[in-house]
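Examining the three-dimensional arrangement
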Amino acid sequence: MVLEEQDISNAAFQHSILCQTFLPHKDPGNETRTWEHRQGNARLLLRAGQSVNPKVDEWEQIGLPYGAKARLILAYINTQAIKAQSPIIDVESSLSSFIGKLGLHREGKTIALIKDQLRRIAASDINMAYVVNGEHVIHTKLSIVGSYDIWFPLKGNQRVFWTSQIRLTDEYYKSLSEHAIPLSIEALKSLANSAMAIDIYTWLAQRLHRIEGCQFVAWANLKEQFGQSYKRMDNFKRDFRTTLLTVKTVYKDARIEELDNKGFNLYNSPSQIPKLVYQVPALTGG
């Protein structure tokens, strides 16, 4: 299956795995080299990477991706791969346009923050595990970016520059072809400054349209999925409720209602990008 002849200019995409398990909300610091997250039987292990700095001729540690910008960069990477139907992404010609569609300022500081998160994503490794029946564990390594270039300027007061292209790994590109979730760019634009809001939105976008009837999700499960940084349940409930109201302003058809302070009922809801065929064609050749 390939892209249908229809307008997908206002669609963005996220991998279904990253609609269920999430990156850190805040910067955990360069000294933190791994990040674990779980949702039900799914486990995410993110490992920070390294990159050679030719100025000192040594490997230097790159921090973990985090926050709203990292989530938007992941959506950018997936969206460009799907729309171009290629694992090779032309960063310089497409990144600025995508940032503009999200309503973010295309000033030097914002571009620098975005490219920093892109570098962090490119250097990191993702490991997934699914526990089946409490006995069987399925492991998957899913590094996203296979190759990228960084140019270090001769003068120390100049910024580090990216090359014009990055290439996704064959494994990630193939997995994306099978598990891409369509999102609304307008929704991401409205939520672009909140990591939790983006997480709740992408979770609902991949889940609600697949529900048959009604599914109940308890507060304990929601805190495990969205509130790892919260010590107190009451603080998490307060912020989740507030953020959910914001998400529902951009996903108006989302049918989710709280049930007696026990959790939420989820009901089948239409996708924001209905009847869209967005399958990426399989890789051919070497």
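Right above here is the structure, for reference.
Structure report, in brief. If you're wondering where the values come from, they're calculated on a predicted model, not measured in any experiment. (Residues numbered from 1 in each chain as written. Predicted model: local features only at pLDDT ≥ 70, side-chain atom pairs only at ≥ 80, totals over all residues. Heavy atoms only, no water.)

Within the protein, the regular secondary structure consists of 8 helices and 14 strands. Within the protein, residue pairs in contact and separated by at least 24 positions form 67% of the contacts whose partners lie at least 6 positions apart. Working note: accessible area of the protein is about 14700 Å², and carbon and sulfur atoms make up 48% of it. (Helix = DSSP H or I, 4+ residues; strand = E, 2+ residues; numbered from the N terminus. Contact = heavy atoms within 4.5 Å. Areas by Shrake-Rupley, 256 points an atom, 1.4 Å probe, with all protein chains shown as cover.)

Here we come to the nonpolar core. In this structure, Ile77, Ile144, Leu168, Leu188, Leu204, Leu222 and Phe240 are the most contacted members of the largest nonpolar core, which totals 79 residues. No other element matches helix H1 (residues 67–84), which puts 10 residues into this core. Ile144 has contacts with Leu74, Ile77, Ile121, Ile126, Leu168, Thr169 and Tyr172, leaving out every residue within four places of it along the chain. (Core = buried A, V, L, I, M, F, W, Y, C linked by side-chain atoms within 4.5 Å. Buried < 20%, exposed > 50% of the residue type's maximum accessible area, 1.4 Å probe, protein only.)

The two faces of strand S3 (residues 42–47) differ: Ala42, Leu44 and Leu46 on one face are buried, but Arg43, Leu45 and Arg47 on the other face are not. Hairpin geometry of strand S2 (residues 34–39) and S3 is characterised by an intervening segment of 2 residues between the two adjacent antiparallel strands and by a positive phi of about 60° at Gly40. Bridge count for S3 against strand S7 (residues 125–132) is 6 bridges, and the pairing is antiparallel. Each bridged residue has a counterpart across the sheet, and for Arg43 the counterpart in S7 is Ala129. (Pairing = 2+ DSSP bridges.)

Below, the discussion takes up helix H7 (residues 219–226). Every α-helix winds through 3.6 residues per turn, so residues three or four apart in the chain are directed the same way. Buried within H7 we find Trp219, Leu222, Lys223, Gln225 and Phe226. Looking down the long axis of H7, one finds its buried residues gathered within 165° of arc, a one-sided arrangement. Against S2, helix H6 (195–207), strand S12 (214–218), helix H8 (233–250), strand S13 (256–259) and strand S14 (263–267) lie the buried residues of H7. (Arc of directions from axis to C-beta.)

Turning next to the pairing of strand S5 (residues 58–61). The pairing of strand S4 (residues 50–53) with S5 spans 4 bridges and is classified as antiparallel. Its bridge partner being in S5, Ser51 is matched across the sheet by Glu60. Connecting S4 to the antiparallel partner S5 that follows it, the hairpin turn spans 4 residues, and Asp57 within it adopts a positive phi of roughly 55°.

With respect to the element layout, Asn127 can be found in strand S7. Among the residues examined, Asn127 registers a relative accessible area of 17% and is labelled buried. Once residues lying within four places of it in the same chain are set aside, the contact partners of Asn127 are Arg43, Leu44, Leu45, Arg47, Thr140 and Lys141.

This next bit is on the layout of surface pockets. Quantified by volume, the second largest pocket comes out at close to 220 Å³. Taken together, 14 residues form the lining of the second largest pocket, with Pro24, His25, Lys26, Trp35 and Ser229 sitting closest to its centre. Its residues assigned to classes, the lining of the second largest pocket comprises 6 nonpolar, 6 polar and 2 charged. (1 Å grid on protein atoms, 1.4 Å probe; cavity = no way out; pocket = protein on both sides within 12 Å on 5 of 7 lines; lining within 4 Å. Points joined across faces, edges and corners; volume = space filled by probe spheres on them. Nonpolar A, V, L, I, M, F, W, Y, C, P; charged D, E, K, R; others polar.)

Interhelical geometry of H1 versus H6 gives an angle of 40° and a closest axis separation of 8 Å. With respect to H6, the element H1 is oriented oblique. Contact residues: Gly67, Ala68, Arg71 and Leu72 in H1; Ala195, Ile198 and Asp199 in H6. Among the residues forming the contact of H1 with H6, the class breakdown is 4 nonpolar, 1 polar and 2 charged. (Axes fitted to C-alpha atoms, helices over the stretch in contact; angles between N-to-C directions. Parallel < 35°, antiparallel > 145°, perpendicular 65-115°, else oblique.)

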